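Single-letter residue listing:
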Amino acid sequence: MVDNLVWTETHAPTVDGHVKKPQPDILNCELLIVSGKGGVGKTTVAAALGLLAAAADKQTILCEVAGQCRVPGLIGHPTAAGIGREHQVAPQLWTTTIDPELALVEWAGKLIRPRALLDLAVHSNSFAGFINAAPGGRELLTITKAAELRRDQRWDDDAAGYQLVVLDAPASGHALAMLKTPTTFAEIARVGPIASQARVVEALLADDQRSKIVLVATLEETPVNETLELEAALTEQLGRGADLIVANGLIVDQLGEQALAVLAAASAAVDSSVVAAIESRHARSLLQQQQRQRLLDGAQCPLVTLPAIANHAVGPDQIEQLAALLGDALAQLG
């Protein structure tokens with residue numbers, strides 16, 4: 001079960017003396033990038049956003065990277081997992097895992113003629129050699145493939161584009177490196193098909209109306225530090241910040257001083273391990289509130305807080321509940 005609590009926090013910080021307006025309509029874009037420190041529930045939040053977009057009648061595809069295929073199982077379709085393939089797992093919702101080598105072969109199929117030359121390159125492992133030899137090649141192909149999924153004219157002439165691509169991106173620093181590769185390759189290549197593709201993706205990422213970035217954190221010191229650092233690095237290196245921060249896993253603890261006093265008075269008659277567990281949970285809740293305040297004070301974008309999931313295993317029911325809570329929070333931002 002999920003505790004029935006969601007908080008929405010927004011403020012209007014100033015940048016160079018100008019008020020920065022929040023951009024609450026996070027689903028109104030072509031590419032939605034979700035990142036954060038490993039272990040903070042990034043994939044869970046990405047899945048919830050995918051379900052929310054599909055419920056809003058947007059044809060949505062949720063992409064994983066680096067060989068991960070967790071999302072189909074999270075939303076109740078474990079057999080739909082498959083690298084490089086697009087599987088429909090719910091009305092208006094598809095999933096896929098982006099493989100850079102497969103993406104390169106697919107893209108090259110639009111450029112290399114006759115077909116025999118493409119087949120020769122595939123069988124000789126030329127594409128794998130390119131990806132492994134070019135620094136940032138895997139990252140460039142990953143983000144380029146994610147961008148390609150939203151197009152009306154796909155690399156595969158028989159494939160249709162999606163209205164929204166949700167990218168479950170790599171963790172923090174790796175995600176930033178991936179988002180920088182289109183600019184890097186465009187500057188290095190300058191001319192030719194690689195430069196052309198890189199510039200298309202660079203323009204998409206630079207447009208904060210067409211692409212949006214969501215950062216996920218838990219309310220602990222290290223994840224909060226990394227989130228604030230990543231938001232600042234996005235602004236410095238990409239010329240744009242994040243559009244939303246999701247603080248995940250809030251412990252719902254409404255114990256006040258009176259309740260704690262009653263607990264202390266009754267401690268002699270209560271199992272000491274139970275008392276210790278309650279006090280530990282309360283202490284952790286207080287620490288979370290401090291870290292939430294740090295996010296509020298330091299972030300330059302709106303903050304949404306989601307509750308902790310009581311179940312040890314996250315499944316379709318929990319993802320649906322989180323999607324509903326997230327939808328309510330985003331509606332409050334609007």
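Fair warning: this is a prediction, and the values are worked out from it, not measured in the lab.

Along the polypeptide, A247 turns up in strand β10 (residues 244-250). Dropping the residues within four chain positions of it, A247 is found in contact with A217, L219, L295, L303, V304, T305 and L306.

Another aspect to go through is the pattern of salt bridges. It is possible for side chains of opposite charge to pair when their charged atoms get near one another. With the rule as written, the count across this model stands at nine salt bridges. The salt bridge partner of E30 is R150, with a shortest N-O separation of 2.7 Å. Linking E30 in the loop between β3 (18-19) and β4 (31-36) with R150 in the loop between α6 (137-148) and β8 (164-168), this pair joins segments that are 120 residues apart in sequence. For E30, a relative accessible area of 24% puts it in the partly exposed group. Here D168 makes a salt bridge to K42, at a shortest N to O gap of 2.7 Å. Taken together, the residues D168 in strand β8 and K42 in helix α1 (residues 42-55) connect sequence positions 126 residues apart. The same class applies to D168 and to K42, which are both buried.

Right, let's talk about unusual backbone geometry for a bit. Backbone geometry at D57 places phi at a positive 70°, although glycine is not the residue there. You can see D57 is positioned in the loop between α1 and β5 (60-64). On the accessibility criterion, D57 (54% relative accessible area) is exposed. The residue A66 is not glycine, and still its phi comes out positive at about 55°. Relative to the elements of secondary structure, A66 occurs in the loop between β5 and α2 (71-74). When its relative accessible area of 70% is taken as the criterion, A66 is described as exposed.

Across its twelve residues, α6 extends 16 Å between first and last C-alpha, which sits within 8% of the 16 Å expected from 1.5 Å per residue. For α6, the buried fraction is high: ten of the twelve residues fall into the buried class. Those residues of α6 not exposed but buried are G137, L140, L141, T142, I143, T144, K145, A146, A147 and E148.

Within the secondary structure, H174 sits in helix α7 (residues 172-189). Considered as a pair, H174 and K37 are 137 residues apart in the sequence and their alpha carbons are 9.9 Å apart.

On to the pairing of β10, then. With six of its seven residues buried, β10 lies for the most part within the structure. Note that strand β9 (residues 211-218) and β10 share five bridges and pair parallel. What sits directly across from V214, in β10, is L244. Running through helix α9 (residues 221-238), the crossover from β9 to the neighbouring parallel element β10 is right-handed. Note that β10 and strand β11 (residues 303-307) share four bridges and pair parallel. The partner of L250 across the bridge, within β11, is P307.

What follows deals with the confidence of the model for the chain. Averaged over every residue, the pLDDT of the chain is 82; residues scoring 70 or more account for 75%. Mean pLDDT values over the elements of the chain span from 34, in strand β2 (residues 14-15), up to 98, in β8. For the stretch residues 1-24, pLDDT sits under 50, and the model shows 73 contacts to residues farther than four places along the chain or on other chains. Note that residues 116-124 has pLDDT below 50 and, in this model, ten contacts with residues that lie over four places away or in other chains.

What counts, and where the lines are drawn
Residue positions are counted from 1 within each chain, in the order its sequence is given. In keeping with the model being predicted, local features are shown solely for residues with a pLDDT of at least 70 and side-chain atom pairs are shown and tallied solely at 80 or more, while totals for entire chains, interfaces and linings include all residues. Neither water nor hydrogens contribute to the side-chain values; these are computed over all heavy atoms in the structure. Strands are runs of DSSP state E lasting at least 2 residues, helices are runs of H or I lasting at least 4, and numbering of each runs from the N terminus. Whether two residues touch is decided by their heavy atoms; if any such pair falls within 4.5 Å, the residues are in contact. Definition used for salt bridges: Asp or Glu carboxyl oxygen within 4 Å of a side-chain nitrogen of Lys or Arg. Three labels apply to residues, based on accessible area from a 1.4 Å probe with only protein chains included: buried if under 20% of the type maximum, exposed if over 50%, partly exposed otherwise in between. Expected helix span is given by 1.5 Å per residue-to-residue step, counting one fewer step than there are residues. DSSP calls a pair of strands paired once it identifies at least 2 bridges connecting them. The definition of a right-handed crossover adopted here requires that, viewed with the strands pointing away, the path from the first strand over the helix to the second runs clockwise. Summary of the metric used: pLDDT quantifies the predictor's per-residue confidence within the range 0 to 100.

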